[in-house]
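Coordinate inspection notes
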Amino acid sequence: MAVILAPSILSADFGNLQRDIEMLNRSQADWIHVDIMDGRFVPNISFGFPVMQVLKQHAKKPLDVHLMIVEPEKYIERFVEAGASIITVHYETCPHLHRTIQQIHETGIKAGVSINPHTPISLLKNIVPHLDLVLLMSVNPGFAAQKFIPETHHKLQELRHLIQEQNSQARIELDGGVNLENAADLAASGADILVAGNAIFSSSDPEATIAAFKKADRERSHIV
Ligand code: DX5
Ligand code: ZN
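Residues numbered from 1 in each chain as written. Chains lettered and ligands numbered in written order. Predicted model: local features only at pLDDT ≥ 70, side-chain atom pairs only at ≥ 80, totals over all residues. Heavy atoms only, no water.

1. A few points about the packing of aromatic side chains
Test applied: Any two of the Phe, Tyr and Trp rings considered here, Trp counted by its six-membered ring, make a pair once their centres fall within 6.5 Å; the pair's planes then place it as stacked at under 30 degrees, edge-to-face at over 60, or tilted in between. We count a stretch as a helix when DSSP gives it H or I for four or more residues in a row; a strand needs E for two or more, and each element gets its number in order from the N terminus. The buried label applies to any residue whose accessible area, calculated with a 1.4 Å probe on protein chains only, is under 20% of its type's maximum; exposed applies above 50%, and partly exposed to all values in between.
Counting across every chain of the model gives 2 aromatic pairs. Aromatic side chains F49 and F79 sit 4.7 Å apart centroid to centroid with 40° between the ring planes, which places their arrangement in the tilted category. Pair noted here: F49 is in helix α2 (residues 49-58) and F79 is in helix α3 (residues 76-81), with a separation of 30 residues, a long-range link. One exposure class covers both F49 and F79, and it is buried.

2. Digging into the sheet that holds strand β5 (residues 110-115)
Here is the rule we go by: Whether two strands pair depends on DSSP finding at least two bridges between them. Angles here are taken between N-to-C directions and fall from 0 to 180 degrees, while the axes themselves are lines fitted to C-alpha atoms, restricted in helices to the stretch in contact. Contact between two residues is taken to exist if any of their heavy atoms lie within 4.5 Å; hydrogens are not considered.
In space, the 8 strands of this open sheet follow the order β1-β8-β7-β6-β5-β4-β3-β2, with parallel pairing throughout. The outermost strands of the open sheet, each flanked by one partner alone, are β1 (4-7) and β2 (32-37). The average undirected angle you get between the axes of adjacent strands in this sheet is 25°. The pairing of strand β7 (residues 171-175) with strand β8 (residues 193-196) spans 3 bridges and is classified as parallel. Note that in β8 the partner of D175 across the bridge is V195. Lying on the sheet, helix α4 (residues 97-106) is in contact with β4 (84-90) and β5; it crosses β5 at an angle near 145°.

3. Some remarks on the nonpolar core
Applied cut-off: Among the buried residues, those of types Ala, Val, Leu, Ile, Met, Phe, Trp, Tyr and Cys that are joined through side-chain atoms within 4.5 Å form a nonpolar core.
If you look at the biggest cluster of nonpolar residues, it comprises 62 residues, and the most contacted ones within it are M52, V65, I87 and V89. Not counting residues up to four positions away in its chain, the partners in contact with I87 are V65, L67, I76, F79, V80, I104, I109, K110, A111 and G112.

4. Let's talk about the site of ligand 1
Here is the rule: Neighbouring residues are identified by heavy atoms, a residue being near a molecule or strand if any of them is within 4 Å of it. A 3.5 Å cut-off defines polar contacts: any pair of N or O atoms within that distance qualifies, except that in protein one atom must be a possible hydrogen donor and the other a possible acceptor, and neighbouring residues in sequence count only when both atoms are side-chain atoms. Note on areas: these come from Shrake-Rupley sampling with a 1.4 Å probe, and a residue is covered only by the protein chains present in the view.
Around ligand 1 sit 20 residues in total, of which D35, G142, A145, D175 and G197 are the nearest. Within the contact set of ligand 1, an oxygen atom lies 3.3 Å away from a side-chain nitrogen or oxygen of S8. A145 is positioned with one of its backbone polar atoms (N or O) 2.8 Å from an oxygen atom of ligand 1. The fraction of the free accessible surface of ligand 1 (380 Å²) that becomes covered by protein chains is 99%. Going through the elements one at a time, β2, β3 (63-68) and β8 are the ones with two or more residues in the shell around ligand 1. Sort the elements by how many residues they give to the shell around ligand 1 and β2 lands first, with 3 residues.

Below, the structure written as structure tokens:
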């Protein structure tokens, strides 16, 4: 299966946001990953609804919203109104995770759960049958351009087994430190969706880098 590539808008040039969104529209990117940070769950603040408004207005691809915020249940409806096609909340922020997932589904969009690098896969056992996706953090959330944590490879295998064992339809998304060097390996190990921020936007030609990710994936899926 071809991997879904979701460039993270966090690494875009916010002075030229419309230009960067239009580049993503033209490019081979599949989704647009939207990182929302509150300065409480993570030690950084990214952006909120005014920027979502610009995304909604210009983006022609699904907005994959990753909520790194405490009490995400308070804002689900607003993010749906702001154009989210998928909302992912963190396991670590949701004492009533099952209810929060129901709340997302009731709005008619897809729901995901993300876990931090230290959070064990086994904690997802009872929620995974209800999910459209699981987002595995391969860095500690909060910042772009961090180094991929190698233990994520093992968690990816474990998650694949759990999804199979629980008969879940959930897709696996990997987020943090993904680049052209490790992407093919991650897709071959079962990642369905790859997020990449720094690797795309800090390259000299982001649109060509997106094409290179997709080309490497096509070559991989012919080999596998
Ligand atoms: C980290 C965010 C990521 C990040 C990915 O907290 O969730 O989506 O923007 O950025 P790179 O690809 O630069 O690691
Ligand atoms: Zn993210």
